[in-house]
Every structure is written in C-alpha cells, then in structure tokens.
Amino acid sequence: GPKETGFLLQHGRELSPQDRAVLIFNEGAEASQMGDVATARAKFEEAVGLDPQLAPAFTALGMLAYDDKDYAKAIELGEKAYAIDPKDAKGLRLLVAAYEKTGDTAKSKTYSEQLAAVDPAAGAAETTNKGIELYNAGDTAGAQKLFEQAVEADPDNARAHYMLGLCLAGSDPAQAKTHLETFLRLAPDDPDAATAKEMLKYLK
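Residues numbered from 1 in each chain as written. Predicted model: local features only at pLDDT ≥ 70, side-chain atom pairs only at ≥ 80, totals over all residues. Heavy atoms only, no water.

### So, the layout of surface pockets
Considering only enclosed or pocket space, the largest pocket measures out at about 330 Å³ in volume. Around the largest pocket, the lining comprises 17 residues; the ones closest to its centre are Lys109, Ser112, Thr127, Lys130 and Gln149. Tallying contributions element by element places helix H6 (residues 105-118) first for the lining of the largest pocket, with seven residues. Among the residues forming the lining of the largest pocket, the class breakdown is six nonpolar, six polar and five charged. One number sums up the size of the second largest pocket: a volume of about 250 Å³. Together, 13 residues line the second largest pocket, and Phe25, Phe44, Ala60, Met63 and Lys90 are the ones closest to its centre. Listing elements by their share of the lining of the second largest pocket, those giving two or more residues are helix H1 (17-33) and helix H3 (55-67). Here the lining of the second largest pocket takes six residues from H3, the largest share from any one element. Looking at the lining of the second largest pocket residue by residue, the class counts come to seven nonpolar, three polar and three charged. (1 Å grid on protein atoms, 1.4 Å probe; cavity = no way out; pocket = protein on both sides within 12 Å on 5 of 7 lines; lining within 4 Å. Points joined across faces, edges and corners; volume = space filled by probe spheres on them. Helix = DSSP H or I, 4+ residues; strand = E, 2+ residues; numbered from the N terminus. Nonpolar A, V, L, I, M, F, W, Y, C, P; charged D, E, K, R; others polar.)

See below:
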C-alpha cells in the first residue's frame, strides 16, 4: 500500500501531536473499559508524552494508580491534571479520594469543596457517601445534615432522598414521606424501592 506520511485527516492535514494524543487517549480509554489495564496505561502514557497538557490522560493514569492502591502516585498525577485543568470533575474526584486514603482530610475537604463548586451533582454524590458512612456509624444527626446538603446541591440525587427519608422517619414522618416519594419517582427500579414502599405504608 501507499507509504504512510504520519496520520492523515480527511482533509489532508497531518495530525498534530495534540490530535494524535487525543486519539491514543481514546484507545486507552477503550482498553480500560475492556479491563485491559496494561494497554490502557501504555496508551495514556503515550498520550501525555505527545501532549503534556492533556489533563484527562493524567487523571486516567492517576485512577489506575489509585486502583493499584498507589495513593501517592495517584495524588501526584491528580495534581498534574489539576494544574492543567482545575475544573475537571474527574480529576477532583480522584484527589478527594486519594487524599482521603492517605489520611490528609484537610486536602480532601479542600478538593471536595472545589468539586461541589465545579459539579454540584458530583459534589452531592460525594456528600451522600460521607453521609452514609456517618449513618452506618450511628451518627444519624450528622448524616441527616449531609443528606440535606446533598439534596439541596442536587435535587435529583435519589440516594440522598432515600437516606434522608430513613433519617427523618422517626422525627418527621411527613418530611420522610416526601423524600421517600421523591426517591421512588427518581429511581423506581432501585434495589431499595421495595423498602421505601414498605416504609411509606407506615408513614401516614
């Protein structure tokens, strides 16, 4: 066949290193979805080699490091991504989680607040998970505050409505009922839908 002169686009322009980096990054993301971590990591590294400003590739590498429980490396890569694109919710989520794993709750909280500002829904999900931890630890009052923050930030967060319903069932049945009904409207197929329906029978 004809000799390849780099990668050609339809209109005959050679791909810039940035364009190639994006293509290779996409191949890495595909490999990652297929569970082929080795290929994914190689592609992401190749991508940042071509374009050191490709924040999502640093984030993706950071997530692989996080999965390997190499939290220091995850933080280093997450911080690189953050320096390039401080508004990337994925990168912020990675930093929140990795700093939490290393016990740096102050840093984790800082990035958590930024995540909430950048992506209210992601921030609400984060808050909901923290609330569930408190709820499971028996701190219903603390959990309730977090679930309230979560539904305020993201009124479509079904899980937060459900948990708020659980928290309020004893103290404010009318409010609990509202939140459980909202949960069922948002997530009718949720595994907890049956429990919510059962509870609604008693929250008259």
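Here the narrative resumes.
### With respect to the pattern of salt bridges
Applying the stated rule across the entire model yields eight salt bridges. Where aspartate 190 meets arginine 159, a salt bridge forms, and the shortest distance between an N and an O atom there is 3.0 Å. Taken together, the residues aspartate 190 in the loop between helix H10 (173-186) and helix H11 (193-202) and arginine 159 in helix H9 (residues 158-168) connect sequence positions 31 residues apart. Residue classification places arginine 159 among the partly exposed residues on the basis of a relative accessible area of 25%. Put simply, glutamate 181 and lysine 177 hold a salt bridge, and the shortest N to O gap is 3.5 Å. Taken together, the residues glutamate 181 and lysine 177, both in helix H10 and four residues apart, mark about one turn of the helix. Accessibility expressed as a relative area gives 40% for glutamate 181, which makes it partly exposed. Among the charged side chains, a network of salt bridges with common partners joins Arg159, Asp190 and Asp192. (Salt bridge = Lys/Arg side-chain N within 4 Å of Asp/Glu carboxyl O. Buried < 20%, exposed > 50% of the residue type's maximum accessible area, 1.4 Å probe, protein only.)

### Focus on unusual backbone geometry
Of note in this structure, lysine 69 is not a glycine but carries a positive phi near 60°. Residue position: lysine 69 is located in the loop between H3 and helix H4 (71-84). Lysine 69 sits in the exposed class, given a relative accessible area of 61%.

Geometry only, nothing functional implied.
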